[in-house]
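Working through the structure, step by step
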Amino acid sequence: MIRWYALLRPGDWLILALTAAAAGLLWNHGSGGDRVLIKQDGRVFLDTTPRLDREVAVSGPLGETVVEIRAGRVRVKSDPGPHQVCVKQGWLMPGQVAICLPNRVSVERGVVIYDSLNY
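**Regarding the state of the cysteines**
Within this structure, the stated rule accounts for one disulfide. Bridging Cys-86 to Cys-100, the disulfide has an S-S length of 2.1 Å. Between Cys-86 and Cys-100 the disulfide shows an S-S torsion of about 110°. By sign, it is right-handed. One end of the pair, Cys-86, is in helix H2 (residues 85-88); the other, Cys-100, is in strand S6 (residues 97-100), and 14 residues separate them in sequence. This pair shows no difference in class: Cys-86 is buried, exactly as Cys-100 is.

**As for the sheet that holds strand S5 (residues 73-78)**
Here three strands make up an open sheet; going across it, the order is S3-S4-S5 and the pairing antiparallel. Each of the sheet's edge strands pairs with one partner strand only, and the pair in question is strand S3 (54-59) and S5. Mean inter-strand twist for the sheet, computed between neighbouring axes without regard to direction, equals 25°. Bridging between strand S4 (residues 64-70) and S5 involves five bridges; their strand directions are antiparallel. Opposite Ile-69, over in S5, you have Val-74 as the bridge partner.

**Quick notes on unusual backbone geometry**
The backbone phi angle of Ala-71 is positive, close to 55°, even though this residue is not glycine. If you trace the backbone, Ala-71 turns up in the loop between S4 and S5. Using a relative accessible area of 63% as the deciding quantity, one classes Ala-71 as exposed. Even without glycine at this site, Arg-104 takes up a positive phi of about 60°. Along the chain, Arg-104 turns up in the loop between S6 and strand S7 (105-111). Arg-104 gets classed as partly exposed once you look at its relative accessible area, which sits at 47%.

How each quantity is defined
- Residues numbered from 1 in each chain as written.
- Predicted model: local features only at pLDDT ≥ 70, side-chain atom pairs only at ≥ 80, totals over all residues.
- Heavy atoms only, no water.
- Disulfide = S-S within 2.5 Å.
- Helix = DSSP H or I, 4+ residues; strand = E, 2+ residues; numbered from the N terminus.
- Buried < 20%, exposed > 50% of the residue type's maximum accessible area, 1.4 Å probe, protein only.
- Pairing = 2+ DSSP bridges.
- Axes fitted to C-alpha atoms, helices over the stretch in contact; angles between N-to-C directions.

What follows is the structure, given as structure tokens:
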């Protein structure tokens, strides 16, 4: 039985290595613009990076919503709302939003891009 890697020639290995290096560079470049935007009652409360570990308490009409930023991830840790929908959403991926509607708090995790409509 012939192993698949025995069929690769030195030039094939070079192309694989260069492709892996380029993919790694693009992956790291894309995460550089990752942002966390926390809004309270439609106004920006905090605009930060997910690389800084912290817990942020945001006051709303019902009480305090706690947003946890840990190890590059973001989630709503606790909320005084009755249904806990934003807490049950868990860790947010880039492009996702958690909205704690009764307390008027939203947490958005997104990549910063050029926006021609709001320019």
